[in-house]
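Tertiary structure, described
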Amino acid sequence: MDKPVKLKYQRILLKLSGEALQSEETLGIDPKKLSRVSEEIANVVKLGVQLGIVIGAGNFIRGADLSATGFDRITADQMGMLATIINGLAIRDGLIKKSIPVEIMSAIAVPGLVDFFDRTKAKEHLQKGKVLLFVGGTGNPLVTTDTAAALRGVEIGADILLKATKVDGVFSADPIKHPKSQRYTSLSYEDVLEQQLGVMDLNAILICKNNGLPLRVFNMNNPHALQHIVQGDDVGTLIKSGE
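Treat the numbers as computed from the prediction; the structure is a model and nothing was measured. (Residues numbered from 1 in each chain as written. Predicted model: local features only at pLDDT ≥ 70, side-chain atom pairs only at ≥ 80, totals over all residues. Heavy atoms only, no water.)

Within the sequence span of helix 7 (residues 202-210), burial applies to Ala204, Ile205 and Cys208. Summarising the axial view, the buried residues of helix 7 lie within an arc of 100 degrees, below the 170-degree limit, and thus occupy one face. Exposed and facing more than 90 degrees away from the buried side of helix 7 are Leu202 and Asn210. Where helix 7 is buried, its residues meet helix 5 (145-155), strand 6 (160-165), helix 6 (189-195) and strand 10 (215-219). Of the residues that open helix 7, the one with a side-chain oxygen 3.0 Å from the backbone nitrogen of Asn203 is Asp201. (Buried < 20%, exposed > 50% of the residue type's maximum accessible area, 1.4 Å probe, protein only. Helix = DSSP H or I, 4+ residues; strand = E, 2+ residues; numbered from the N terminus. Arc of directions from axis to C-beta. Contact = heavy atoms within 4.5 Å. Polar contact = N/O pair within 3.5 Å; in protein donor to acceptor, adjacent residues only side chain to side chain.)

Following this line, the structure appears as structure tokens:
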């Protein structure tokens, strides 16, 4: 028999961008991307990790971007919150196809489609081994899904917040524009704030810092990155409060 895998983290909150589901050519959901992301998530759940996910909606709409075109900002953000529900339904479908039990909880009420967020029930679902998809952001406009991820991470008692990106961690400069920029293996929240590194929005960073929730930024496109992280491998950039 295979030996049980030793896990560094028992419960994690994964912040997944909408772009993780998007094709290179168009907006929306790419079935191949959805299947790959679902497979990565399923592999971690099968190790025994309790997993909550906050999903963004950049593959459909960003409230700030839409507002810049003339939309009322509040309305634009509400549209973005609804788009996260679409992504949540898609990921649920992808996970069910891989025999992973999953529940969706929304910060905005959509009866008959998804459940309303309830912290006590959320923790019960996690303890039963169900993946929890948190959609609808925080339920409020002018607040990003980064902040929603930090908030849900604290509420469910996550051991760590994992932010999935398309780069290999936090760099001294944009690695796409500056290929020779330095990747940090670790940082303090104080470093992030002082250097204005733009890892997540300010509210999210402060929630993590003030509640002692460590954050790891990593590249979701790297195969098995999630598995390596939960087993304690040094992937991406770890951010935590300074000693």
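Bringing the side chain of Thr145 into the picture now. Assignment of secondary structure puts Thr145 in helix 5. Aside from chain neighbours lying at most four places away, what touches Thr145 is Lys15, Val54, Ile55, Gly56, Thr84 and Gly137.

Bringing the pattern of salt bridges into the picture now. Side-chain pairs of opposite charge can arise where the charged atoms are in close proximity. What the rule picks out here adds up to 12 salt bridges. We note a salt bridge from Asp146 to Lys15, for which the minimum N-O separation is 3.4 Å. Placement of Asp146 in helix 5 and of Lys15 in strand 1 (residues 11-16) is noted, with a sequence separation of 131 residues between them. Neither residue differs from the other here; Asp146 and Lys15 are each classed as buried. In this structure, the salt-bridge partner of Arg36 is Glu40, at a minimum N-O distance of 3.6 Å. Within this pair, Arg36 and its partner Glu40 are both found in helix 1 (residues 31-45), separated by four residues, close to a single helical turn. You can call Glu40 buried: its relative accessible area is 7%. Beyond isolated ion pairs, a larger network of salt bridges with shared partners links Lys15, Asp146 and Lys163. (Salt bridge = Lys/Arg side-chain N within 4 Å of Asp/Glu carboxyl O.)

Moving on: the sheet that holds strand 5 (residues 131-135). One key point about sheets: their strands pair by backbone hydrogen bonds, in either a parallel or an antiparallel sense. Spatially, the nine strands line up as an open sheet ordered 4-3-5-2-1-6-10-11-9, and their pairing is mixed. Where the open sheet ends on each side, the last strands, each with one partner, are strand 4 (115-116) and strand 9 (186-188). Where strand 2 (residues 50-55) and strand 5 come together, three bridges link them in parallel fashion. Looking at the pairing, Val54 lines up with Phe134 of strand 5. (Pairing = 2+ DSSP bridges.)

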